[in-house]
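# Summary of structural features
Chain residues, written in single-letter form:
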Amino acid sequence: MEVDPRLYSRGGIITERDPERCIIRLRIPAGMATPEQLIGIGKIARTYGDGRVHLTVRQTIEIPGVDPNRIVPMLVALKDNGTPLGSERQEIVNVTACMGTDHCKYANIDSLALAKEIDTKFFGKELPVKMRIAISACPNGCASERMNEIGITGVRQPYRDHDACTGCGTCEKYCRERAIIIKRGAVDLDTNRCMECGICVLPCPFEVLKASEPRFRITVGGRRGRHPKVGRELITVSDPEKVLEIVGKIIKWVYELASSDELLPEQLDELGFSEFKQTIRDQYEEVRNWPPEQDEESDLL
Ligand code: SF4
Ligand code: SF4
Ligand code: SF4
């Protein structure tokens, strides 16, 4: 049977070292799958591949050793299994995320739900460059989000709710950034060091420390690979709808201006990242109003 060459223009079908075989990469946003889907993938790998599966760094699964003549029925089986063909070309690839508020005690945001929404809205959109999106629900960065073209981090800013601090120093011990200092028997904060992880709030025995509502910090232009780069901060916003809007604006900006076959992090300056950042900040006013007014007794650290 002749293999339809258009199949190879689709992301997710990768020719192997042996050109008679290919790897099929799946779409599994945030790497979350049900036991039934995993059993289904196993059966499909047995039927169409060489019986093995490969877990990728982008939280998806690849099935190697596939005969190109059998791709079409395999793709039908994968779609029916709820784990369809993925992507790997110059497009939006598998969205990755940590477990977030569903499971992690440090989480500030629901990263799994956000990954699903981003996947539904943007997955597979063609671009001049490959675009990886990752979400970590706190600055611990388990999803290495700042090493992606778009990174989203869940943050919470600590503040002192009232003047009842005993100076016990518990919060100081928990802060890994040494951002908390006990001064004259009360807690003080070095905002230059604070990463807004919100962890110091958890152990305060007197509930003196509180955290702001969770927020979403968006970075642009990170990457892994041969020359790793940390993404630059674009903006921090307060709700997932704004994150979706801004991700859409970043994609549009890249689509209109970026050059093919170049890496986005290298192009940021020539694309005018600073002006883009200012435009985004002008549109999302909350940045200028942050931190919000506290009640009279409270005090930002
Ligand atoms: S990034 Fe933070 S919230 Fe996400 S899994 Fe790691 S520690 Fe938990
Ligand atoms: S929120 Fe800031 S002060 Fe609190 S533990 Fe994290 S880095 Fe330290
Ligand atoms: S804020 Fe809480 S944990 Fe920190 S020194 Fe004051 S009472 Fe102790």
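Moving on: the overall build of the chain. A count of helices and strands for the chain gives 8 helices and 14 strands. Along the longest, intermediate and shortest principal axes, the C-alpha atoms of the chain span 80 × 45 × 30 Å. Residues counted as buried form 38% of the 301 residues belonging to the chain. Here the contacts in the chain between residues at least 6 apart in sequence split such that 65% fall between residues at least 24 apart.

Now for the site of ligand 2. Neighbouring ligand 2 are 14 residues, the closest being Cys175, Ala179, Cys194, Cys197 and Cys200. The residue inventory of the shell around ligand 2, partitioned by class, reads 11 nonpolar, 1 polar and 2 charged.

The next thing to look at is the domain arrangement of the chain. Once the domains are mapped, the chain shows domain 1 (5-80), domain 2 (96-155 + 214-289) and domain 3 (158-211). Domain 1 and domain 3 are separated by 49 Å when their C-alpha centres are compared.

What follows concerns the site of ligand 3. Lining the immediate environment of ligand 3, one finds 13 residues, of which Cys165, Cys168, Thr170, Cys171 and Cys204 sit closest. Per-class residue counts for the shell around ligand 3 are 9 nonpolar, 4 polar and no charged.

Take the sheet that holds strand E4 (residues 61-66) next. Reading across from one edge, E1-E2-E4-E3 is the order of the 4 strands in this open sheet, with antiparallel pairing throughout. Here the strands that pair on one side only, and so sit at the sheet edges, are strand E1 (13-15) and strand E3 (54-55). Alignment of E1 against strand E2 (residues 22-25), held across 3 bridges, turns out to be antiparallel. Along E2, the bridge assignment pairs Thr15 with Cys22.

Because side chains alternate across strand E6 (residues 133-136), one face comprises the buried residues Ile133 and Ile135, and the other comprises Ala134 and Ser136, equally buried. Examined bridge by bridge, strand E5 (residues 96-97) and E6 share 2 bridges and lie parallel to one another. Note on E6: the bridge partner recorded for Ala97 is Ile135. Since E5 and E6 lie parallel, the crossover through helix H3 (residues 111-122) that links them has a hand, and here it is left-handed.

Moving on to unusual backbone geometry. Positive phi is not limited to glycine here, since Arg178 has a value of about 55°. Summarising the element assignment, Arg178 is placed in the loop between helix H4 (170-174) and strand E9 (180-183). Arg178 gets classed as exposed once you count the C-beta atoms within 10 Å, which come to 10. A positive phi angle, near 60°, is found at Asp261, a position not held by glycine. For Asp261, the position within the fold is in the loop between helix H5 (240-257) and helix H6 (264-271).

As a further point, take the environment of Arg21. The residue Arg21 is located in the loop between E1 and E2 in this model. Among the residues examined, Arg21 registers 15 C-beta atoms within 10 Å and is labelled partly exposed. Sequence-wise, Arg21 and Gly65 are 44 residues apart; in three dimensions their C-alpha atoms are separated by 5.3 Å. When residues no more than four places from it in sequence are discounted, the contact partners of Arg21 are Glu16, Gly65, Val66 and Asp67.

With that settled, consider the nonpolar core. The biggest cluster of nonpolar side chains holds 49 residues, and the ones touching the most others in it are Ala97, Ala115 and Val243. Of all elements in the fold, only H3, E6, strand E7 (150-155), strand E10 (186-189), strand E12 (215-220), strand E13 (232-237), H5 and H6 reach the threshold of two or more residues within this core. No other element matches the 5 residues that H5 contributes to this core. Split by domain, the residues of this core number at least three in each of domain 2 (96-155 + 214-289) and domain 3 (158-211). Core analysis: the next-biggest nonpolar cluster, separate from the first, contains 15 residues, Ile24, Ile28, Ile41 and Tyr48 among them.

Tracing the sequence through the fold places Gln37 in helix H1 (residues 35-48). A tally of 17 C-beta atoms within 10 Å means that Gln37 is categorised as partly exposed. Sequence-wise, Gln37 and Thr83 are 46 residues apart; in three dimensions their C-alpha atoms are separated by 7.2 Å. For Gln37, the contacting residues outside a window of four places in its chain are Asn81, Gly82 and Thr83.

You can see Leu257 is positioned in helix H5. Between the C-alpha atoms of Leu257 and Gly272, which are 15 residues apart in sequence, the distance is 9.5 Å.

Taken together, the 5 strands give an open sheet; going across it, the order is E5-E6-E7-E12-E13, and neighbouring strands pair in mixed fashion. For this open sheet the edge positions go to E5 and E13, each flanked by a neighbour on one side alone. Pairing analysis gives 5 bridges linking E12 to E13, with the strands arranged antiparallel. Among the inter-strand pairings, Thr219 is bridged to a residue of E13, identified as Glu233. On the sheet, H3 packs against E5, E6 and E7 and is oriented at approximately 165° with respect to E6.

What counts as what
Residues numbered from 1 in each chain as written. Chains lettered and ligands numbered in written order. Predicted model: local features only at pLDDT ≥ 70, side-chain atom pairs only at ≥ 80, totals over all residues. Helix = DSSP H or I, 4+ residues; strand = E, 2+ residues; numbered from the N terminus. Buried ≥ 20, exposed ≤ 12 C-beta atoms within 10 Å, placed from the backbone. Contact = placed C-beta atoms within 7 Å. Near = placed C-beta within 6 Å. Nonpolar A, V, L, I, M, F, W, Y, C, P; charged D, E, K, R; others polar. Domains from an automatic or database assignment. Pairing = 2+ DSSP bridges. Right-handed = clockwise from strand over helix to strand, strands pointing away. Core = buried A, V, L, I, M, F, W, Y, C linked by C-beta atoms within 7 Å. Axes fitted to C-alpha atoms, helices over the stretch in contact; angles between N-to-C directions.

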